[in-house]
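Results of the structural survey
Chain by chain, the residues run as shown.
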Amino acid sequence: MYRLFAHALTLSTLGLKVCRDPRWGRCYESFSEDTSVVRMMTDVIYGLQGNGTPGIPFVSDRSKVAACAKHYVGDGGTQRGINSNDTILSYEDLFRIHVAPYVDAIAKGVSTIMLSYSSWNGVKMHMNHRLISTLLKQELGFKGFVISDMEGIDFITDIPDANYTASVLESINAGLDMIMVPFDYEKFISTLRTLVNTGYISMQRIDDAVTRILRVKFSMGLFEHPLADRSFSPHLGSQDNRMVAREAVRKSLVLLKNGKTESRPFLPLSKNATRVLVAGTHADDVGLQCGGWTISWQGSAGSITKGTTVLDAVKAAVFTTTQVIHEASPTAEVAAKTKADFAIVVVGEQPYAEGAGDNTNLTIPDEGISTIKNVCSEVKCLVILISGRPLVVEPYLPLMEAFVAAWLPGTEGNGVTDVIFGDYDFVGSLSRTWFKSADQLPMNFGDPIYDPLFRFAFGLGMGKLPR
Ligand SMILES: *[C@@H]1O[C@H](CO)[C@@H](O)[C@H](O)[C@H]1NC(C)=O
Ligand SMILES: *[C@@H]1O[C@H](CO)[C@@H](O)[C@H](O)[C@H]1NC(C)=O
Ligand SMILES: *[C@@H]1O[C@H](CO)[C@@H](O)[C@H](O)[C@H]1NC(C)=O
Ligand SMILES: *[C@@H]1O[C@H](CO)[C@@H](O)[C@H](O)[C@H]1NC(C)=O
């Protein structure tokens, strides 16, 4: 999904000539919309770490943190999308689709890179010398450190931890610098020490790891300030922080359809309607807006934390004279009876993390589909999808006046109403290809056959509004 021009540009700042290496395919000649999407995504590294010297890990001051690019590499390209499974691809395609963002991240000075539990062509990433030592460190010139995922080295063997000596030997010699050992660190240290003392792991390899870890720790000022600066803790959840989160929401929404015909845009909606119907399982639920990895590992529905739902935000946005009707799962009859001027239908997925999110059909759960059909057949509707990934929407698109991908907007639902009611324009564009049906997958920008519903980097604006 990344164009090679991005590599050429960033690698030239590192003094490498990737365009001349035939393994990495051809270089694109002109700057395009697509490369700018890639470059904006890795700009998050500047936000986390501050600004420094290109290609060198840095953390500019104590208000910043060390960034980690993960999970290296091919994590999103596994067979049938099975979590932590095998990514079967040629080197050229692996580089074009999956390595490209790391090239950009390294150029922007990312401090650490975490490995993926997954395999590439049957070899676990946690023991892949070619992709870690040769590609990342030598060819791409990564100067930060490579870290394992939690217990990642234990999973090198088919039965986890079946041969811990092999786990330590293979991973350290492949080029891992820091190992995430959540429980038995004494076993790790003694196993590593034995392997070094018996010559199976060289001191040169240990020196490389220590050099990289110290380089990052020095750049973070950890020797001057070993502990966290707790003076920042009152900012957590503060109004200022929420305003930033709200801005992030309105800038990340992607408008994918606006009006049944181009000449008759449906958005922005009027704040001065008589009646508005807000429908759908996801219209009034902070937990569903947040998704997985929020408060708990898998996340959950409900009021898991303080926040504003889309329904709260709609009520706050419209005129006091506007009646807001809320129905989670209305029948067509109920929807028709509201006589609403328009409907806002908010549907999507349940929260998930890791393997619990594995799904080969990628459809909107049934209740959401029924609500789209029931409401949009009776009332002109905007559909807002809350999901961590593209889902099948093509069959329902003709029913909708407008369609917005809101991803997982988190606690600040008013970031959604900021744009749908026209206080700001949409600026988001797709960071991945939106398929028509799941059997098209995998489908990436630049593939010889590319027939998406919405192409990579697609996104509409409403025009003439503040952005
Ligand atoms: C991929 O998933 C299949 C089915 O669950 C499993 O049998 C196989 O071992 C997995 N492969 C890897 C490399 O994880
Ligand atoms: C464990 O791994 C080591 C290092 O690869 C190997 O020499 C040894 O034979 C393995 N032991 C077993 C029981 O497979
Ligand atoms: C809001 O709508 C009412 C009823 O249509 C109308 O009388 C009023 O002028 C509108 N107000 C604004 C500010 O557009
Ligand atoms: C799609 O897959 C998910 C996860 O396996 C499953 O829960 C759901 O029932 C499936 N939906 C359909 C329509 O097959």
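Just so you know, these numbers come straight off a predicted model, no measurement behind them. (Residues numbered from 1 in each chain as written. Chains lettered and ligands numbered in written order. Predicted model: local features only at pLDDT ≥ 70, side-chain atom pairs only at ≥ 80, totals over all residues. Heavy atoms only, no water.)

1. Describing the overall build of the protein
Counting secondary structure elements, the protein contains 14 helices and 12 strands. The C-alpha radius of gyration computed for the protein amounts to 24 Å, which stays within 12% of the reference 23 Å derived for 467 residues, consistent with globular compactness. Projected onto its principal axes, the C-alpha coordinates of the protein cover approximately 80 × 50 × 45 Å. A sequence separation of at least 24 residues applies to 75% of the contacts in the protein between residues at least 6 apart. Accessible surface computed for the protein: about 22000 Å², of which carbon and sulfur atoms make up 54%. (Helix = DSSP H or I, 4+ residues; strand = E, 2+ residues; numbered from the N terminus. Rg over C-alpha atoms; globule rule 2.2 N^0.38 Å. Contact = heavy atoms within 4.5 Å. Areas by Shrake-Rupley, 256 points an atom, 1.4 Å probe, with all protein chains shown as cover.)

2. A short note on the UniProt feature "domain: Glycoside hydrolase family 3 C-terminal" (unreviewed entry) in the protein
Per the UniProt record, "domain: Glycoside hydrolase family 3 C-terminal" (unreviewed entry) is found at residues 253–461. Taken end to end, residues 253–461 is 18% helix and 16% strand, and its first and last C-alpha atoms sit 11 Å apart. (UniProt positions renumbered as here; feature names shortened; annotations may be inferred.)

3. Re empty space enclosed by the protein
The final tally for this structure, using the stated rule, is 2 cavities of 30 Å³ or more. Space inside the largest cavity adds up to approximately 60 Å³. If you trace the largest cavity, you find it lined by Leu288, Gly291, Gly292, Glu349, Gln350, Pro351, Tyr352, Ser387, Gly388 and Leu408. Partitioned by chemical class, the residues of the lining of the largest cavity number 4 nonpolar, 5 polar and 1 charged. (1 Å grid on protein atoms, 1.4 Å probe; cavity = no way out; pocket = protein on both sides within 12 Å on 5 of 7 lines; lining within 4 Å. Points joined across faces, edges and corners; volume = space filled by probe spheres on them. Nonpolar A, V, L, I, M, F, W, Y, C, P; charged D, E, K, R; others polar.)

4. Observations regarding the site of ligand 2
All residues adjacent to ligand 2 are Asn163, Ala166 and Leu169. Between ligand 2 and Asn163 there is a distance of 2.3 Å, counted from an oxygen atom to a side-chain nitrogen or oxygen. In the complex, the protein chains occlude 31% of the 360 Å² of accessible area that ligand 2 would expose alone. (Near = heavy atom within 4 Å. Polar contact = N/O pair within 3.5 Å; in protein donor to acceptor, adjacent residues only side chain to side chain.)

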